[in-house]
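Results of the structural survey
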Amino acid sequence: MKAVVIGAGVAGAASAIALRRIGAEVTVYEAYPDPAGPVGAFLSLAVNGLRALESLGCLEAVRAAGFEVDRQRMWSGRGKLLGDVPRGRRAGDPLRSVTLMRADLVAALRAEAVRLGARIVVGERLHGPGGRLPGFGAGAGPAGGVVDEAVAGADLVVGADGLRSTVRRMLDPDAPSPAYAGLYGVAGIARDVPEAGPGRTFNMTFGRRGAFAHLPAPDGTVWWSAQIADPAAPAEIKLGAEELAEVFGSEAVPRRILGATERIDAATLFHVLPPVPRRQDGRCVLVGDAAHPVGAGQGASMALEDAIALARALHSASALHSGSGLHSASGLPAALAAFEGERAGRAGKLARAAAANRDAKTAGPLASLVREAVMPLVFTRVYTRSTDWLYDYRPGALPQ
């Protein structure tokens, strides 16, 4: 089976690994010159994402590139502890959440994909003339470039091209577009801040104008992310550490961390995407943020899960249709339909949880007072009941 993957980020590189594991010929096309590189800030992988990495054969490489985090603590802007729970896991789980730079995760996945025989081509973008993918029926039009020609000749096309997915729009010209979520973020690195607290701990402070996350790293630095509530999307995010310190001027620990900042790594607008009605059509399929940008610290983990679920569905269909293979009229379409059915419910449930998480960060002063009074009483019990389904997920094994 000849597979073309559009996008070489987390979802695309993971898909390349998984598809190689089931014997597909895989070429990944990335629009940017380097599919990893020093792009983006840090991210965290909960245990469901780590189990997916284990299935992909990348867990130890990713662990070596980051650091483990044991606890998650939630704070009010006045420094009151609102909750203290295991970070990204059940209390008894031997796995620990891992935090690392996005670029390092992509680099580890890309290295494994190449080791397994996938080809990654950078600096080549999918155009898709006529508003549809080449070879996808009436109105497709002629190929428009290197990637378009590869797509036209592929048995399987995996759209792993993110929030503003070209593949999604070409599958369905009326597909929903992302909208500003009322938050924008800036992330950076500070150093030598005793007020940041103990290591192996993720901290979230709910401030007056947004939320502030920070994690003390083993090397003495503090990794932080400021998420600022603003109903109007700024045309350009120009805030540096000094301006952010003024935004979080009422929150002592965030203000101190921002004052000790060495560098800014990333600035981005946060977006939401309505449910995507068409995620596959029997030859093309969407994975990761192209299909369901979930947020809540689970974007990378969901992309990793998608890659494994897709490969397992294809592998199962190949065994079921061994006489005619995945190129039969029922093989590949049935596999993609099974994949979509398996993933839609889980991604939808997480999207609803992410919306509640986002609403908490944009709450007004009255809601903040209610949260400060109620959260210490209920958070620990509610957290366990609301996340066990997420962390208990087992993605399953792939052929070696």
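In case you missed it, the structure is sitting above this.
Residues numbered from 1 in each chain as written. Predicted model: local features only at pLDDT ≥ 70, side-chain atom pairs only at ≥ 80, totals over all residues. Heavy atoms only, no water.

With that settled, the discussion passes to the packing of aromatic side chains. Scanning all chains against the criterion turns up four aromatic pairs. Seen in terms of ring centroids, Phe42 and Trp223 are 5.8 Å apart; in terms of plane orientation they differ by 45 degrees. Their pairing is tilted. Residue Phe42 is found in strand β3 (residues 42–45), and its partner Trp223 is found in strand β13 (residues 221–229); the two are separated by 181 residues along the sequence. In this structure Trp223 comes out as buried when scored by relative accessible area, which is 10%. Seen from their ring centres, Phe67 and Trp223 are 5.0 Å apart, and the 80 degrees between their planes marks the pair as edge-to-face. Separated by 156 residues along the polypeptide, Phe67 in strand β4 (residues 67–69) and Trp223 in strand β13 bring together distant segments of the chain. On the basis of relative accessible area, Phe67 is assigned to the buried category, the value being 10%. (Phe/Tyr/Trp six-rings, centres within 6.5 Å; stacked < 30°, edge-to-face > 60°. Helix = DSSP H or I, 4+ residues; strand = E, 2+ residues; numbered from the N terminus. Buried < 20%, exposed > 50% of the residue type's maximum accessible area, 1.4 Å probe, protein only.)

Read across the open sheet, the seven strands follow the order β6-β5-β11-β12-β13-β10-β14; overall the sheet is mixed. If you trace the sheet from one side to the other, it starts and ends with β6 (81–86) and β14 (261–272), each paired once. Geometrically, the sheet is characterised by an average inter-axis angle of 15 degrees between neighbouring strands, direction not taken into account. Of the strand pairs in this sheet, strand β10 (residues 179–191) and β13 are connected by nine bridges, and their pairing is antiparallel. Paired with Ala187 across the strands is Ser225, a residue of β13. Each of β10, β11 (201–206), β12 (210–216), β13 and β14 is contacted by helix α8 (residues 252–259), which is oriented at about 65 degrees to β12, the strand it contacts most. (Pairing = 2+ DSSP bridges. Axes fitted to C-alpha atoms, helices over the stretch in contact; angles between N-to-C directions. Contact = heavy atoms within 4.5 Å.)

Quick look at the packing of helix α1 (residues 10–21) against helix α4 (residues 102–115) now. Here α1 crosses α4 at 20 degrees, and the two axes come no closer than 9 Å. One way to sum up the angle between α1 and α4 is to call them roughly parallel. The two elements α1 and α4 meet at a crossing, and its hand is left-handed. Contact with α1, carried on its side by Val10, Ala13, Ala14, Ala16, Ile17 and Arg21, involves Arg102, Leu105, Val106, Leu109, Arg110, Glu112 and Ala113 of α4 and no other residues of that element. For the contact of α1 with α4, the residue count by class is nine nonpolar, no polar and four charged. (Parallel < 35°, antiparallel > 145°, perpendicular 65-115°, else oblique. Left-handed = near helix turned anticlockwise from the far one by under 90°. Nonpolar A, V, L, I, M, F, W, Y, C, P; charged D, E, K, R; others polar.)

Now for a nonpolar patch on the surface. On the surface, a cluster of nonpolar side chains totalling about 310 Å² of accessible area is made up of Val374, Leu377, Val378 and Val382. Within the element layout of this structure, Val378 appears in helix α11 (residues 365–391). (Patch = residues over 30% accessible without salt bridge, like charges linked within 9 Å, V, L, I, M, F, W, Y side chains within 5 Å. Areas by Shrake-Rupley, 256 points an atom, 1.4 Å probe, with all protein chains shown as cover. Salt bridge = Lys/Arg side-chain N within 4 Å of Asp/Glu carboxyl O.)

A word on the pairing of strand β5 (residues 71–76). Only one face of β5 is covered, namely the face carrying Gln72, Met74 and Ser76; the face carrying Arg71, Arg73 and Trp75 is uncovered. In this structure, β5 lies alongside β6, joined through five bridges in antiparallel fashion. Bridged to Arg71 within β6 is Pro86. Sheet topology places β5 next to β11; six bridges connect them, and they run parallel. From the neighbouring strand, Met74 faces β11, where its bridge partner is Met204.

Once that is clear, we can look at α1. Here α1 is twelve residues long and its end C-alpha atoms lie 17 Å apart, about the 16 Å a rise of 1.5 Å per residue gives. In terms of burial, α1 is largely enclosed, as eleven of its twelve residues are buried. Among the residues of α1, those classed as buried are Val10, Ala11, Gly12, Ala13, Ala14, Ser15, Ala16, Ile17, Ala18, Leu19 and Arg21. Gly23 sits one or two positions beyond α1 and adopts a positive phi of about 95 degrees. (Expected span 1.5 Å × (residues − 1).)

Further remarks concern the nonpolar core. The biggest cluster of nonpolar side chains holds 81 residues, and the ones touching the most others in it are Leu19, Leu45, Leu53, Leu56, Leu105 and Leu109. For this core, the element with the highest residue contribution is helix α9 (residues 299–320), accounting for twelve residues. (Core = buried A, V, L, I, M, F, W, Y, C linked by side-chain atoms within 4.5 Å.)

A full pass over the atoms with the stated rule returns one cavity of 30 Å³ or more. Taken as a whole, the largest cavity encloses approximately 50 Å³ of empty space. Residue lining of the largest cavity: Arg279, Leu286, Ala291, His292, Asp306, Phe339, Glu340, Arg343 and Ala344, and that is the complete set. No other element matches helix α10 (residues 331–361), which puts four residues into the lining of the largest cavity. (1 Å grid on protein atoms, 1.4 Å probe; cavity = no way out; pocket = protein on both sides within 12 Å on 5 of 7 lines; lining within 4 Å. Points joined across faces, edges and corners; volume = space filled by probe spheres on them.)

So, on to the pairing of β13. Counting buried residues in β13 gives eight out of nine residues, a clear majority hidden from the surface. Where β12 lies against β13, seven bridges are found, and the strand directions are antiparallel. Its bridge partner lying in β13, Pro216 is registered against Val222. What sits between β12 and β13 in their antiparallel hairpin is a turn of four residues, with Gly220 showing a positive phi close to 95 degrees.

Right, let's get into unusual backbone geometry. Located in the positive-phi region is Asp192, a residue other than glycine, with phi close to 55 degrees. If you trace the backbone, Asp192 turns up in the loop between β10 and β11. If you check the backbone angles, Arg200 has positive phi at about 60 degrees while not being a glycine. Structurally, Arg200 is set in the loop between β10 and β11.

All told, the structure shown has 19 salt bridges when counted by the stated rule. One salt bridge connects Arg21 with Glu112, and the closest N-O pair in it is separated by 3.6 Å. Of this pair, Arg21 sits in helix α1 while Glu112 is found in helix α4, placing the two residues 91 residues apart along the sequence. Of the two residues, Arg21 and Glu112, neither departs from the other in class, the shared state being buried.

Purely geometric numbers; function is a separate question.
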